[in-house]
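# Examining the three-dimensional arrangement
These are the residues of each chain, in order.
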Amino acid sequence: MRILVTDGMAKSGIEALKAQGFEVVEQYFEPEELKEQIKNFDAIVVRSATKIRQPIIDAAAAGGRLKLIVRAGVGVDNIDVDYAEEKGIAVRNTPNSSSASVAELTIGHMFTLARFLHHSNLTMRAGQWNKKIYKGIELANKTLGLIGFGRIARETAKRAKALGMNVIFTDIALTESCDGCEFVSMDQLLTKSDFISLHVPASGKPILGQEEFSKMKDGVFVINCARGGVVCETALLEALDSGKVAGAGIDVFIEEPTKNEKLVNHNKVSVTPHIGASTKEAQDRVGAETVSVISEFFNKGA
Ligand code: 3PG
């Protein structure tokens, strides 16, 4: 069996696949080239950089060899999942591996905004000592509103509670309070939260737009380590400029790499380049989960 890994994978995972007898090729291909190459593999493993859209799936289906697409990560929005499955190609992801890392980055952005770390790193390097300007706030006793209450949100909640925060959440599938966190409606979440963090998959349209920002507390902080597009970038910029939003921590963008210079350079924004799952530990676990997915699929037909 030949496995193509296009966006990198932990060495431990690659070694484990080889030890099980899989032949592994690690190489990124541009879409046109991938259309040709994919015909020579039984499975492909991607992160978010490689997009598996219909033309690539058509090429794979015409080749007749590819049986499995593995998203080594959580979000499958870079893959036309239904189309692949219609063509008889299975799609799997590794939803269990990166929650702690994304939760830690979420909390990291919250601390950054609350204590001006994003400013201070820049201004001190420019020779300034702005001790009087950087009067921050504590996270303790603030309300964190989580939109979506899946694995990553729950890990975030655990950490936020340990910091003394009050955690509320809203979710489309779950309507009861749990894990010491209170279920609220979206409107309640918007009006009550000091910090709002999203933990939902891409849905094609923003969850936070102009109307939602208008309902938030003045001076709220917004964190998006979920997916670009779940927050309307234009509405966010307006809310930052008007002062409605005091700060935003953004790891994911509508377009990646982003060209939204206004957002990236906004002085109330802390930015990272989609690194939520980019830790040694998460990637080791993603690698191990990918190996299980592949070996179960080919050995047990799962
Ligand atoms: C995910 O969906 O798993 C995360 O957004 C991480 O994406 P990445 O594997 O491309 O870093």
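Refer to the structure above for everything that follows.
As a starting point, this report considers the structure included with it.

The biggest cluster of nonpolar side chains holds 27 residues, and the ones touching the most others in it are Leu-208, Phe-213 and Leu-236. For this core, the secondary structure elements donating two or more residues are helix H8 (186–192), strand S9 (195–198), strand S10 (220–224), helix H10 (233–242) and strand S11 (245–250). For this core, the leading source of residues is H10, giving 5 residues. If we skip the residues at most four places from it in the chain, Leu-208 touches Ile-147, Leu-190, Ile-196, Leu-198, Phe-213, Met-216, Val-222, Val-230, Val-231 and Cys-232. Within the second largest apolar cluster, 22 residues are counted, among which are Ala-114, Leu-146, Ala-153 and Ile-223.

The subject of this paragraph is the sheet that holds strand S2 (residues 23–26). Here we have 5 strands laid out as an open sheet, ordered S2-S1-S3-S4-S5, and parallel in their pairing. Strand pairing shows two members of the sheet lacking a second neighbour, S2 and strand S5 (90–93), which therefore form its edges. Direction aside, the axes of adjacent strands within the sheet are offset by 20° on average. Sitting on the sheet, helix H12 (residues 280–300) is in contact with strand S1 (2–5), strand S3 (43–46), strand S4 (68–71) and S5, with an inclination near 165° to S4.

Our next topic: the side chain of Thr-112. Mapped onto the secondary structure, Thr-112 falls in helix H5 (residues 99–115). The contacts of Thr-112, once residues within four sequence positions are left out, are Leu-117, His-118 and Ser-270.

This part takes up the packing of aromatic side chains. Applying the stated rule across the entire model yields 6 aromatic pairs. Here the aromatic rings of Phe-297 and Phe-298 are separated by 5.0 Å at their centres, their planes lie at 85°, and the arrangement is edge-to-face. Each of the two residues, Phe-297 as well as Phe-298, counts as buried. Through a chain of ring-to-ring contacts, three or more aromatic side chains come together here, namely Phe-22, Phe-297 and Phe-298.

Strand order in the open sheet made by the 7 strands is S8-S7-S6-S9-S10-S11-S12, with parallel pairing throughout. Strands at the two margins of the open sheet, each flanked by one partner only, are strand S8 (182–183) and strand S12 (269–271). Contacts from helix H7 (residues 151–162) reach strand S6 (143–147) and strand S7 (166–170) within the one sheet, and its direction differs from that of S6 by about 175°.

Cut-offs applied
Residues numbered from 1 in each chain as written. Predicted model: local features only at pLDDT ≥ 70, side-chain atom pairs only at ≥ 80, totals over all residues. Heavy atoms only, no water. Core = buried A, V, L, I, M, F, W, Y, C linked by side-chain atoms within 4.5 Å. Buried < 20%, exposed > 50% of the residue type's maximum accessible area, 1.4 Å probe, protein only. Helix = DSSP H or I, 4+ residues; strand = E, 2+ residues; numbered from the N terminus. Contact = heavy atoms within 4.5 Å. Pairing = 2+ DSSP bridges. Axes fitted to C-alpha atoms, helices over the stretch in contact; angles between N-to-C directions. Phe/Tyr/Trp six-rings, centres within 6.5 Å; stacked < 30°, edge-to-face > 60°.

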